[in-house]
Amino acid sequence: MSTVAITLPDGSVRQFNGPITGAELAADIGPGLATAALAIKIDDELIDLSRSIDCDSTVEIITRKSDDALELIRHDAAHVMAEAVQELYPGTQVTIGPAIEHGFYYDFARDEAFTPDDLEKIEAKMHEIVKRDDAFVREEWDREEAAKHFKDIGEKYKAELIEGFPADEPISIYRQGDWKDLCRGPHMPSTGHVGKGFKLQKLAGAYWRGDSDNEMLQRVYGTAWRDEKELKAHLHMLEEAEKRDHRRLGREMDLFHFQEEAIGSVFWHPKGWTLFQSLIDYMRDRQTDAGYVEINTPDIMDRGLWEKSGHWEKFSENMFTTEAKEDRVFALKPMNCPGGVQVYNQGIKSYRDLPLRMAEFGKVHRFEPSGALHGLMRVRAFTQDDAHIFCAEEQITDECRIVCQLILDIYSEFGFDDVRIKFSDRPAKRIGSDEIWDKSEAALKSAVEAAGLEYTVNPGEGAFYGPKLEFVLRDAIGRDWQCGTLQVDLNLPERLGAFYVGADGEKHHPVMLHRALFGSLERFTGILIEHYAGKLPLWMAPLQAVVATITSDADDYAYEVLDALKAAGIRAEIDIRNEKINYKVREHSHAKVPAMLVVGQREIEDRKVALRRLGGKDQEFLALDKAVARLAEDCRSPAA
RNA sequence: GCCGCCGUAGCUCAGGGGUAGAGCGCACCCUUGGUAAGGGUGAGGCCGUGAGUUCAAUUCUCACCGGCGGCACCA
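A few points on the structure. Predicted, not measured: the structure shown is a model, and the values here were computed from it.

## Looking at the sheet that holds strand β12 (residues 171–176)
Strand-to-strand pairing in sheets goes through backbone hydrogen bonds, with the strands running parallel or antiparallel. Spatially, three strands are ordered β11-β12-β13 in an open sheet, and the strand pairing comes out antiparallel. What marks the edges here is a single partner per strand, and that holds for β11 (136–141) and β13 (179–182). On average, each strand axis in the sheet is inclined to that of its neighbour by 30 degrees, with strand direction left out of account. In the sheet, β11 pairs with β12 via six bridges, with the strands oriented antiparallel. Note on β12: the bridge partner recorded for Trp141 is Ile171. On the sheet, helix α3 (residues 69–88) packs against β11, β12 and β13 and is oriented at approximately 125 degrees with respect to β13.

Now the structure itself:
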């Protein structure tokens, strides 16, 4: 029998005379570890404690304190939930139930719908099962036998899963008490390890195997943690996230609203529109610096143009159409590119004109599925900070690199430093030959690599005319949002007849790079509201300062302060209401006004103001002109 | 689009077969108060829309519309 050498994370090595289980290894290291051990990890793979290690390996023993413990707890919680559901509601079929970020879910098939009350019952039953502390026992079954077993007990989804597994994959069944489930594992030693730090959260529909052609199952979501304290902390975090929901803040801060007559389209209020415009101003400055020119193209254009571009065929499901009294059919633009090409096509372009960077703050309309709509994040009409860069093939790499750099610089200016990049290649529904796709994918890939950026591949998710990079940013509370995009397009210039005259005197099609940095201004505004929890930086805050009086004796001076602020270009209002200063401070703090200038007798006498910043505990007494100068400086856009 | 839940005052929500309540906000009055809620009075609702059951529907049933949470789809 050959010996087995186990290397532990601290570098120490232990020799054994033959295969050894994770449990035995833990016991060999110490009795404390033997009871604390939940699983082992070999080469980044988690494995049951009961499974044996039969060759030299590096092994980490996973305990409740390990980062990996959460995944085990959550996965086990899913199994416990499935058992609870089948105990309470016989005849319910189980399907799949993985651990996910912050928790777990399990998809069930049952004719009757679960109700919120059922969640409580299921949760109570889960606590019982955890208390029973049944051991998780792994068994390997013969494939046919397993498939037959699940079919016999009416679990057609499990049977279907088994039939879909690769022939060489062992079929493992995990047993907990009398209940068993088809599962790849691993699991902790027993149900008791799930503990009490879990809670069922919501019911949802979910398609079997994620395919909308399949039947819908009932998904139960739960969250699970090491203990009740961690659970409580997480629930608290969720409450905080809810408070910064942009839909709620949008109403509280009087920024925008939605209504039935225009579902999925924003009604911007004066304050919201000010914020929106400050972002456009910022981007316009940045783009001018980066060598862009700005254009504007029609919102409604003839069907013929969309047929030529390929949108009619490949994108019409998402398009609004309209007609007037003549019998021509028009479409509301879902993208700005065809319009942009029309501007490019005016006059003859020379290779000396390239790269030509044409920006457009274009408002596009897309018919999104009703269930997809979500505040400002997902709407049916949105403004893109779009641009089309017309360039020669040999300029692709450079131009892409510059765009990537611009995107990352700008995101970082808003405090988004955690940016992920996805590379999306050719979709099934596309225009253009495979040769063109080979070429454009290769060009984009080499450009992103030249920019020194890491990315993951998103197969089949490209635009119908070309591959794209998607810039996903992570906000202050860890949520991901897709914003910027950069696409290489060798198709539309040809379809829409764009040319330039090369140095060789011949006509060539330019390459078109489509790019947007914020992506959708609406979405980006929503992200910023949530990212800053409504406490917007001064330069984009719709209302930057409020002058508030202590008593009405200060009214005249307050107006003087207000005029000084306005003269310095600061968006300011005055509050001379007959209310106590406490009340005014509280109200304007809730309204997230970044600066408050309080004036009373003392300030009048010295021509000063008491400057209080949002969230600040104390105030500063400053001479009026000094306070105005300082605020004006703080209100300046970083791009100005 | 699909599944589930929800729709009562500007907002947050209670109620319930006999046509309605609270807190905040709003208006007016008193109060002129130094950094997160001073007091009083009052106005405000086709109880989402339409049909059905009923002597009677905001309440029960159904349909539609919209919102929310997921799924699917995407900036």
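Read on for the rest.
## Remarks on the protein's contact with RNA strand B
Taken together, 55 residues lie near RNA strand B, and Tyr207, Lys468, Ile550, Asn578 and Arg586 sit nearest. When atoms of RNA strand B within 4 Å of the protein are sorted by moiety, sugar and phosphate together comprise 50%. Between Glu260 and RNA strand B, the recorded distance is 2.9 Å, taken from a side-chain N or O atom to a sugar or linking oxygen. Contacts to RNA strand B include Arg378, whose side-chain N or O atom sits 2.6 Å from a base oxygen. Of all the elements in the fold, those that place two or more residues in the surface near RNA strand B are β14 (198–207), β15 (216–224), α8 (246–252), β26 (468–474), β27 (480–489), α18 (581–590), α19 (601–606) and β34 (608–613). A breakdown of the residues in the surface near RNA strand B according to their chemical character gives 21 nonpolar, 17 polar and 17 charged.

## Description of empty space enclosed by the protein
Scanning the entire structure with this criterion turns up one cavity of 30 Å³ or more. As a volume, the largest cavity reaches approximately 40 Å³. The dominant element in the lining of the largest cavity, judged by the number of residues it contributes, is helix α13 (residues 396–413), at four residues. Of the residues contributing to the lining of the largest cavity, the split by class is six nonpolar, no polar and two charged.

## A closer look at the packing of helix α5 (residues 143–152) against helix α6 (residues 156–164)
It is the contact of α5 with α6, at a shortest axis distance of 7 Å, that shows an interaxial angle of 160 degrees. When the interaxial angle is binned, α5 and α6 end up roughly antiparallel. In this structure, α5 meets α6 at a crossing whose hand is left-handed. For the pair α5 and α6, the contacting residues are Arg143, Ala146, Ala147, Phe150 and Lys151 in the first and Lys158, Ala159, Ile162 and Glu163 in the second. For the contact of α5 with α6, a count of residues per class yields five nonpolar, no polar and four charged.

## Comments concerning the layout of surface pockets
The space that makes up the largest pocket amounts to roughly 1,200 Å³. Those elements that place two or more of their residues in the lining of the largest pocket are β23 (381–391), β26, β27 and β30 (511–520). Looking at the lining of the largest pocket element by element, the count peaks at five residues for β30. Looking at the lining of the largest pocket residue by residue, the class counts come to 14 nonpolar, 13 polar and 13 charged.

## Quick notes on the nonpolar core
Ranked by size, the top nonpolar core spans 64 residues in total, and within it Phe414, Leu469, Leu486, Leu513, Phe518, Phe524 and Met540 carry the most contacts. When residues in this core are grouped by element, the largest group, eight residues, is from α13. Residues contacting Leu469, with those up to four places away along its chain left out, are Cys404, Ile421, Lys422, Phe423, Leu444, Val448, Gly484, Thr485 and Leu486. Membership of the second largest hydrophobic core comes to 32 residues, among which are Ala78, Phe108, Phe114 and Met188.

## Comments concerning helix α12 (residues 337–344)
Across the eight residues that make up α12, a large majority, six, are buried. The set of residues buried in α12 consists of Cys337, Pro338, Gly339, Gly340, Val341 and Tyr344.

## Observations regarding the environment of Thr21
By the element assignment, Thr21 lies in strand β3 (residues 20–21). A residue is classified by how much of its surface remains accessible, and Thr21, at 16% relative accessible area, is buried. Each C-alpha atom of the pair Thr21 and His531 lies 47 Å from the other, and the pair is 510 residues apart in sequence. Residues within four places of Thr21 in sequence aside, it is in contact with Leu49, Ser50, Arg51 and Ser52.

The rules we used
Residues numbered from 1 in each chain as written. Chains lettered and ligands numbered in written order. Predicted model: local features only at pLDDT ≥ 70, side-chain atom pairs only at ≥ 80, totals over all residues. Heavy atoms only, no water. Pairing = 2+ DSSP bridges. Helix = DSSP H or I, 4+ residues; strand = E, 2+ residues; numbered from the N terminus. Axes fitted to C-alpha atoms, helices over the stretch in contact; angles between N-to-C directions. Contact = heavy atoms within 4.5 Å. Near = heavy atom within 4 Å. Polar contact = N/O pair within 3.5 Å; in protein donor to acceptor, adjacent residues only side chain to side chain. Nonpolar A, V, L, I, M, F, W, Y, C, P; charged D, E, K, R; others polar. 1 Å grid on protein atoms, 1.4 Å probe; cavity = no way out; pocket = protein on both sides within 12 Å on 5 of 7 lines; lining within 4 Å. Points joined across faces, edges and corners; volume = space filled by probe spheres on them. Parallel < 35°, antiparallel > 145°, perpendicular 65-115°, else oblique. Left-handed = near helix turned anticlockwise from the far one by under 90°. Core = buried A, V, L, I, M, F, W, Y, C linked by side-chain atoms within 4.5 Å. Buried < 20%, exposed > 50% of the residue type's maximum accessible area, 1.4 Å probe, protein only.

This is a description of form; function is not addressed.
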